[in-house]
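Structural description and commentary
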Amino acid sequence: MSNTPYPHIFRPLTIGGLTLPNRIIMGSMHTGFEDRRRDVDKLSALLAERARGGAGLIITGGVAPSRTGQLSPLGSTMTNRLHVAHHRQVTKAVHEAGGRVAMQILHAGRYGVIPWKVAPGSQSSPIHPFKHLRMNEPIIRHIIAGFGRAAKLAHDAGYDAVEIMGGEGYLINQFLCPRTNDRTDRWGGNTENRQRFLIEVIRAIRRRVPATFPVILRQSVADLVEGGQTWEEVALMARRAEEEGVDALNTDIGWHESRVPTIATSVPRGAFVQFTEQLRDEVSIPLIAANRINTPELAEEILSRGRVEPWPWPAPSWPIRTLCSRPSKAGRRKLIPALAATRPA
Ligand SMILES: Cc1cc2nc3c(=O)[nH]c(=O)nc-3n(C[C@H](O)[C@H](O)[C@H](O)COP(=O)(O)O)c2cc1C
């Protein structure tokens, strides 16, 4: 796109075997349409519209790899061939609109609003009802295999990539942090043990999908809770993820139970990008930055900093509107500052 005032945004980006035409990613945002079969037309229409708008990649809201990982009693799961048929409608709609779509695999752990939830540690979630069952070895193994199966089914359903949800205080994050992981077996205690679950999840997925199929990890780079990961642990996890075949890191900030605002309008624009940029010293795979990157100018500035060029640089993750279709100056005047996921910026 030669006449664009946003040359960095419109540079292609390769993630594993997938080349995106630009660096605009519609980040994962659960809409509620993921959950019921009857809403699949609405979800397909919503995501296809983003594809027509020109988003380089769309990531679905989180889909659970097992019933124990559901966000709510009717929350979406990807566990069998019936689910594949359902999801094919979504991928078909996005592809027909010229887009690419990744499915996010999210196990809620103690954050599920379901009575049958499981988690690694003994403390209940302070912000959710129901007590969870503490995971034993067979349950841990079962859920790791479930991540692999969900990725395989997502591939069969026509998704262009999968994203593993490892942040915001959900199950994987619960394993990673002493705050929620008080285990004394090989899944808890020192850093290596706490990171074992995520490493095993990545391996289970890599075993079940083709080598060129992109696997993105949404990794927490600042937990913003007491008992969260240290920066050294975050950096080590990123390096290990790259070694295990993760193709991009989509960085994530804060837990749902954190007292630090991360997405509200009171948060300064781009407030957390420095965490993502710091990771550039650790890995060479693409880094995706999120949180309060609501204008193309800010995204362009972040992308253009070029501190570690020629490495890939963080890609913005804000919901796009008319940016792609009207990148000219006249079009820019018509551009409404993109919405933060929650409310107008
Ligand atoms: C209603 C809502 C649902 C969300 N659902 C998910 C989700 O399923 N998975 C995920 O990784 N992030 C989810 N997020 C977080 C967003 O992807 C994003 O990281 C966050 O809103 C910060 O970016 P922003 O400042 O551009 O809104 C959700 C956010 C909102 C507001």
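Parameters at a glance
Residues numbered from 1 in each chain as written. Predicted model: local features only at pLDDT ≥ 70, side-chain atom pairs only at ≥ 80, totals over all residues. Helix = DSSP H or I, 4+ residues; strand = E, 2+ residues; numbered from the N terminus. Contact = placed C-beta atoms within 7 Å. Core = buried A, V, L, I, M, F, W, Y, C linked by C-beta atoms within 7 Å. Buried ≥ 20, exposed ≤ 12 C-beta atoms within 10 Å, placed from the backbone. Expected span 1.5 Å × (residues − 1). Axes fitted to C-alpha atoms, helices over the stretch in contact; angles between N-to-C directions. Parallel < 35°, antiparallel > 145°, perpendicular 65-115°, else oblique. Left-handed = near helix turned anticlockwise from the far one by under 90°. Nonpolar A, V, L, I, M, F, W, Y, C, P; charged D, E, K, R; others polar. Pairing = 2+ DSSP bridges. Right-handed = clockwise from strand over helix to strand, strands pointing away.

Structural notes on the overall build of the protein chain
When you go through the protein chain residue by residue, the secondary structure sums to nine helices and eleven strands. Considering only intrachain contacts with a sequence separation of at least 6, the fraction spanning at least 24 residues in the protein chain is 75%.

What about the nonpolar core?
Grouped together as the largest cluster of nonpolar side chains are 89 residues, with contacts concentrated most on I105, V162, V201, I205 and L249. The element contributing the most residues to this core is helix α3 (residues 137-156), with eight residues. In contact with V162, not counting residues within four places along its chain, are A102, M103, I105, A151, A154, I205 and V215.

Observations concerning helix α2 (residues 81-96)
Taking 1.5 Å of rise per residue, the 16 residues of α2 would be expected to cover 22 Å, and the 22 Å separating its terminal C-alpha atoms lies within 8% of that figure. Of all the residues in α2, the buried ones are H87, V90, T91, A93 and V94. Tucked into the core, α2 has its buried residues touching α1 (40-53), β4 (57-63) and β5 (101-105). Among the residues trailing α2, G98 stands out with phi positive, at a value near 85°.

Points about the packing of α3 against helix α5 (residues 191-208)
Where α3 contacts α5, the axes come no closer than 8 Å and their chain directions differ by 40°. Considering the angle they form, α3 stands oblique to α5. In the packing of α3 onto α5, the handedness of the crossing is right-handed. Contacts between α3 and α5 involve I140, I144, A145, F147, G148, R149, A151 and K152 from the first element and F197, E200, V201, A204, I205, R207 and R208 from the second. Its residues assigned to classes, the contact of α3 with α5 comprises nine nonpolar, one polar and five charged.

Focus on the pairing of strand β8 (residues 161-166)
Here β8 lies mainly inside the structure; six of its six residues are buried. Covered by surrounding structure in β8 are A161, E163 and M165 together with V162, I164 and G166, the residues of both alternating faces. Where β5 meets β8, four bridges bridge the pair, whose relative direction is parallel. Paired with I105 across the bridge in β8 is I164. Bridging between β8 and strand β9 (residues 215-222) involves five bridges; their strand directions are parallel. The residue of β9 that forms the bridge with E163 is I216.

Examining the environment of I25
Locating I25 in the fold gives a position in strand β3 (residues 25-26). For I25, a count of 30 C-beta atoms within 10 Å puts it in the buried group. Along the chain, I25 and L57 lie 32 residues apart, while their C-alpha atoms are 4.8 Å from each other.

Some details on the environment of L106
Looking at where L106 falls in the secondary structure, it is placed in the loop between β5 and β6 (118-119). Taking the C-alpha atoms as reference points, L106 and T77, separated by 29 residues in sequence, lie 9.2 Å from one another. With residues near it in sequence (within four places) discarded, L106 still touches G62, V63, A64, M165 and Y170.

Things to note about the packing of α1 against α2
The contact between α1 and α2 brings their axes to 8 Å, and the two run at 25°. On the basis of the axis angle, α1 is roughly parallel to α2. Taken as a pair, α1 and α2 cross one another with a handedness that is right-handed. Together, V40, L43, S44, L47, A48 and A51 of α1 and H86, Q89, V90, A93 and V94 of α2 make up the contact between the two elements.

Notes on the environment of D35
Residue placement: D35 occurs in the loop between β3 and α1. Here D35 falls in the buried class, since 20 other C-beta atoms lie within 10 Å of it. Apart from residues lying up to four places away in sequence, D35 is in contact with L74, G75 and S76.

Points about the pairing of β5
Of all five residues in β5, five are buried, a share of seventy percent or more. Going residue by residue along β5, you find V101, M103 and I105 tucked away on one face and A102 and Q104 tucked away on the opposite face as well. In this fold, β4 hands off to α2, which returns the chain to β5; that crossover is right-handed.

Details of the sheet that holds strand β11 (residues 287-288)
What the seven strands build is an open sheet, ordered β3-β4-β5-β8-β9-β10-β11; its pairing is parallel. Among the strands making up the open sheet, the edge pair consists of β3 and β11. Bridging between β9 and strand β10 (residues 248-253) involves six bridges; their strand directions are parallel. Pairing of Q219 across the sheet is with T251, part of β10. Contacting β8 and β9, α5 crosses the sheet at an angle of about 165° to β8.

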